Protein chains: 2
Amino acid sequence: MARSIGRICKGFQRLGLLSKQTQLIPFTRVPVGTVRTIVTLPSFLFPQPRDFSLPNPSWGSEMTRMYEHYESQCEMETEGGQKGPWRRLPSYNRLLKYATGGVYLSKMIQSKARLFTRNIRNPGAAFEYVLFVNKEEQKCVCILQAGHLLEGPPGHVHGGAIATMIDTVTGTHATFLSGPVMTANLNINYRRPIPLGSTVLLESCLEKKEGRKTFITCRVTSTDGSKLHTETSALFLSITASHLLGG
Amino acid sequence: MARSIGRICKGFQRLGLLSKQTQLIPFTRVPVGTVRTIVTLPSFLFPQPRDFSLPNPSWGSEMTRMYEHYESQCEMETEGGQKGPWRRLPSYNRLLKYATGGVYLSKMIQSKARLFTRNIRNPGAAFEYVLFVNKEEQKCVCILQAGHLLEGPPGHVHGGAIATMIDTVTGTHATFLSGPVMTANLNINYRRPIPLGSTVLLESCLEKKEGRKTFITCRVTSTDGSKLHTETSALFLSITASHLLGG
């Protein structure tokens, strides 16, 4: 199988459909400093992945209302030439766009790995969320509709599901501010449980940056801000290729 | 529908198949101090739920080996009459065993809610775990095999999935020690990422109890203890019926 794919790649190269780059692959078990040859496959082989941050029929009225609120303030050319301060982030999808020879490609194809927050494809059943960033204010907000498969205490969202969204939002925000990072600390204070099915707002703010460290705070509230569900301080460490490849 | 179920319940009561108890229902939106009449349905209507903490074919050799290690030290009568210090906890299942009149039962039947850590039924795809408690040493251990649907950084477990298991294990331990509790704080230090598919050990220890507060520490390590993945301190608050019903 691996050899066959290797041969297919060589065939594409001959036809001029593949480009070659030299690049480091994060999170693979290769010695530090190893450089691999990357083959980028032609885009027609892989259709554009679905953007899960766009509205779907499972979204309730509150989720839709909040989405439209931030979407209306997003970057766009207006008559006066001004732009809004917010920008919607498309959902993260693990793309099959790198391959190191036939063997690595084969492993990637065989892999069933899926992002934890998007591992249930039934719309509305688990995490329905969308992120917006505000570059000027160094803020990030996430609108979350918590589905029925996220239960902890009966009728309420699991503390781990809340932590998962906090890690996702603050981690995305830290990456936006500082480049590649890894979570070093999450300190979460749970103030009030979140009823299953409800829509809440996660607001992430930059506290400070010190060398490799990015400090973020995050509050989870009701969409009108009247109820505080959790408060978090998070620390992220910037990482380099050597950190990634060191394992 | 609600009325029909109410009538069915009354029918069962007349036949002597239902017992009546007066009990408080946690996490329902009723005024503080309200007492409701609970109807317990006959067990033949609901077959014994599956115990997800028992071995299944998706378990790898390391998961199985660790399970057998703790299982062999569990409470059991020996020739000398001694018992082991550990006890396996069966998996938590949300049972449909309480109903308040027809309306509440109807809501429960319609509800699709599922425990976050058990919401994917495909064995081995997400969280495979089993908990053991040691009453003498006031310890709890959890053996976790992290499936391919828990991905965060490519090839590694999502920080939120790790937090989810920490909340589950420390919360179960705190409940075992102090009765009904709610998570008040989780302070998680991430030291080393966990590769997808690997088996790790979560060890939860009682630090101290002060009034309503139960302080727990938790370490996530490789099964031989040589690699430290995360360190956590957790705080749980004991809750009473009024806390539960207060929402």
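Worth saying up front: this structure is predicted, and the values here are computed from it rather than measured.

## Some remarks on the overall build of chain A
Move 1: Within chain A, the secondary structure is distributed over five helices and nine strands.
Move 2: Ordered by position from the N terminus, the helices and strands of chain A form the series α-β-β-α-β-α-β-β-α-β-β-β-β-α.
Move 3: Taking all 247 residues of chain A together, the buried fraction comes to 46%.
Move 4: Surface accessibility of chain A: about 12,400 Å² in total, with carbon and sulfur atoms responsible for 53%.

## Section: helix α2 (residues 61-71) of chain B
Residue and element names in this part refer to chain B.
Move 1: Three or more residues of α2 are buried, namely Met 63, Met 66, Tyr 67 and Tyr 70. Buried residues in α2, looked at end-on, bunch into an arc of 105°, giving them a common side.
Move 2: On its buried side, α2 packs onto β3 (86-89), β4 (127-134), β5 (139-146) and β7 (199-210).

## As for the nonpolar core
Move 1: Counting 73 residues, the largest nonpolar core has Phe 127 and Leu 202 of chain A together with Phe 127, Leu 150 and Leu 202 of chain B as its most contacted members.
Move 2: Setting aside chain neighbours within four positions, we find Phe 127 of chain B in contact with Phe 116 of chain A together with Thr 117, Arg 118, Leu 144, Gln 145, Leu 150, Ala 161, Thr 164 and Met 165 of chain B.

## Quick word on the relation of the copies chain B and chain A
Move 1: Overlaying chain B on chain A yields an RMSD of 0.0 Å, the required transformation being a rotation through 180° with an accompanying axial translation of 0.0 Å. Look at the turn and shift together and you get a two-fold axis relating the two. Taking the C-alpha atom as reference, chain B places Asn 187 of chain B closest to the rotation axis, 2.1 Å from it.
Move 2: Looking at chain B, 100% of its interface residues are interface residues in chain A too, so the copies touch through the same face.

## So, the pairing of β7 of chain B
Residue and element names in this part refer to chain B.
Move 1: Pairing of β5 with β7 involves seven bridges; the strand directions are antiparallel. Across the sheet, residue Leu 144 finds its bridge partner in β7, namely Val 200.
Move 2: With 10 bridges connecting them, β7 and strand β8 (residues 213-222) associate as antiparallel partners. Across the sheet, residue Val 200 finds its bridge partner in β8, namely Ser 222.
Move 3: Hairpin connection, β7 to β8: the antiparallel pair is bridged by two residues, and Gly 211 has positive phi, about 60°.

## Comments concerning the interface of chain B and chain A
For interface size, the figure often reported is the accessible area lost on association.
Move 1: The partner chain A presents 42 residues to the 42 residues of chain B that form the contact.
Move 2: Each partner contributes to the roughly 3,600 Å² buried at the junction of chain B and chain A, and carbon and sulfur atoms together form 59% of this total.
Move 3: At the junction of chain B and chain A, the tally comes to zero salt bridges.
Move 4: For the pair chain B and chain A, the number of links is 24 residue pairs in polar contact (both at pLDDT 80 or more).
Move 5: Of all elements in the fold, only α4 (159-178) and β6 (181-190) of chain B reach the threshold of two or more residues within the side of chain B that touches chain A.

## Re unusual backbone geometry
All names here are of chain A.
Move 1: Positive phi, normally seen in glycine, also occurs at Gln 138, with a value near 50°.
Move 2: Along the chain, Gln 138 falls in the loop between β4 (127-134) and β5 (139-146).
Move 3: Judged by its relative accessible area of 36%, Gln 138 falls in the partly exposed class.

## Focus: the pattern of salt bridges
Move 1: By the definition in use, this model includes 14 salt bridges over all chains.
Move 2: Here Arg 191 of chain B makes a salt bridge to Glu 231 of chain B, at a shortest N to O gap of 2.9 Å. Separated by 40 residues along the polypeptide, Arg 191 of chain B in the loop between β6 and β7 and Glu 231 of chain B in strand β9 (residues 228-238) bring together distant segments of the chain.
Move 3: Residue Glu 231 of chain B is classed as partly exposed on the basis of its relative accessible area of 26%.
Move 4: Residue Arg 219 of chain B is joined to Glu 231 of chain B by a salt bridge in which the shortest nitrogen-to-oxygen separation is 3.9 Å. Of this pair, Arg 219 of chain B sits in strand β8 while Glu 231 of chain B sits in strand β9, and the two are 12 residues apart along the sequence.
Move 5: Residue class for Arg 219 of chain B comes out partly exposed when judged on its relative accessible area of 37%.
Move 6: A network of salt bridges, in which partner residues are shared, links Asp 51, Glu 71 and Arg 88 of chain A.

## Some points on the confidence of the model for chain A
All names here are of chain A.
Move 1: Averaged over all residues, the pLDDT of chain A is 78; the fraction at 70 or higher stands at 67%.
Move 2: Of the regions scoring below 50 in pLDDT, residues 1-40 engages in 78 contacts with residues more than four places distant in sequence or in other chains.
Move 3: Predicted complex, confidence summary: ipTM 0.77, pTM 0.77.

## A few points about the UniProt feature "domain: Thioesterase" (unreviewed entry) in chain A
Move 1: In the numbering used here, UniProt assigns the feature "domain: Thioesterase" (unreviewed entry) to residues 155-227 of chain A.
Move 2: Taken as a whole, residues 155-227 of chain A contains 27% helix and 44% strand, while its terminal C-alpha atoms sit 18 Å from one another.

## Here's the deal with the packing of aromatic side chains
Move 1: By the definition in use, this model includes 11 aromatic pairs over all chains.
Move 2: With a centroid separation of 6.0 Å and an interplanar angle of 55°, the aromatic rings of Tyr 67 of chain B and Phe 132 of chain B are classed as tilted. Of the two residues, Tyr 67 of chain B is situated in helix α2 and Phe 132 of chain B in strand β4; the sequence distance between them amounts to 65 residues. For the pair formed by Tyr 67 of chain B and Phe 132 of chain B, the shared burial category is buried.
Move 3: An aromatic cluster of three or more residues is present, and its members are Trp 59, Tyr 67, Tyr 70, Trp 86 and Phe 132 of chain A.

## So, the packing of helix α4 (residues 159-178) of chain A against α4 of chain B
Move 1: At a minimum axis separation of 8 Å, α4 of chain A and α4 of chain B run at an interaxial angle of 155°. One way to sum up the angle between α4 of chain A and α4 of chain B is to call them roughly antiparallel. Read as a crossing pair, α4 of chain A and α4 of chain B show a hand that is right-handed. Between α4 of chain A and α4 of chain B, the contacting residues are Gly 159, Gly 160, Ala 161, Ala 163, Thr 164 and Asp 167 of chain A on the first element and Gly 159, Gly 160, Ala 161, Ala 163, Thr 164 and Asp 167 of chain B on the second.
Move 2: For the contact of α4 of chain A with α4 of chain B, the class distribution of residues is four nonpolar, six polar and two charged.

Cut-offs applied
Position numbers for residues start from 1 in each chain and track the written sequence from start to end. Chain labels run from A onward and ligand labels from 1 onward, assigned in the order the entries are written. At least 70 in pLDDT is required for a residue's local features to be given in this predicted model, at least 80 for side-chain atom pairs to be given and counted, and no such filter applies to totals for whole chains, interfaces and linings, which use all residues. Values shown for side chains rest on all heavy atoms present in the structure; no hydrogens or waters enter the calculation. Each helix is a run of H or I in the DSSP string that is no shorter than four residues. Each strand is a run of E no shorter than two, and both are numbered from the N terminus. Accessible area is worked out with a 1.4 Å probe on protein chains only. A residue is then buried under 20% of its type maximum, exposed over 50%, and partly exposed in between. The Shrake-Rupley method, run with a 1.4 Å probe, gives the accessible areas here. Residue values count only the displayed protein chains as cover. Throughout, the arc means that of the directions going from the helix axis to the C-beta atoms. Contacts were defined at the residue level, with two residues in contact if any of their heavy atoms lie within 4.5 Å. The definition of a nonpolar core used throughout is a set of buried Ala, Val, Leu, Ile, Met, Phe, Trp, Tyr and Cys residues joined through side-chain atoms within 4.5 Å. Least squares is the method for superposing the copies, and the C-alpha atoms it fits come from residues with pLDDT of at least 70 in both. In short, DSSP must find at least two bridges between two strands for them to pair. Two parts placed together each lose some accessible area under a 1.4 Å probe, and the buried area is that loss summed for both. By definition, a salt bridge exists where a carboxyl oxygen of Asp or Glu is found within 4 Å of a side-chain nitrogen of Lys or Arg. Under this definition, polar contacts are N or O atom pairs within 3.5 Å; protein pairs additionally need one hydrogen-donor-capable and one acceptor-capable atom, and for neighbouring residues in sequence, both atoms have to be side-chain atoms. Think of pLDDT as the predictor's per-residue confidence, scored from 0 to 100. UniProt positions are given in the numbering used here, feature names are shortened, and annotations may be inferred rather than shown by experiment. Between rings of Phe, Tyr and Trp, where Trp is taken as its six-membered ring, a pair exists when centres lie within 6.5 Å; planes separated by under 30 degrees are stacked, by over 60 edge-to-face, and by other angles tilted. To define axes, lines are fitted to C-alpha atoms, for helices over the stretch in contact only, and angles between the resulting N-to-C directions are given on a 0 to 180 degree scale. Just so you know how the angles are binned, under 35 degrees is roughly parallel, over 145 roughly antiparallel, 65 to 115 roughly perpendicular, and the rest oblique. By definition, turning the near helix anticlockwise from the far helix through less than a right angle yields a left-handed crossing, and turning it clockwise yields a right-handed one. In this classification, Asp, Glu, Lys and Arg are treated as charged, Ala, Val, Leu, Ile, Met, Phe, Trp, Tyr, Cys and Pro as nonpolar, and every other residue, Gly included, as polar.

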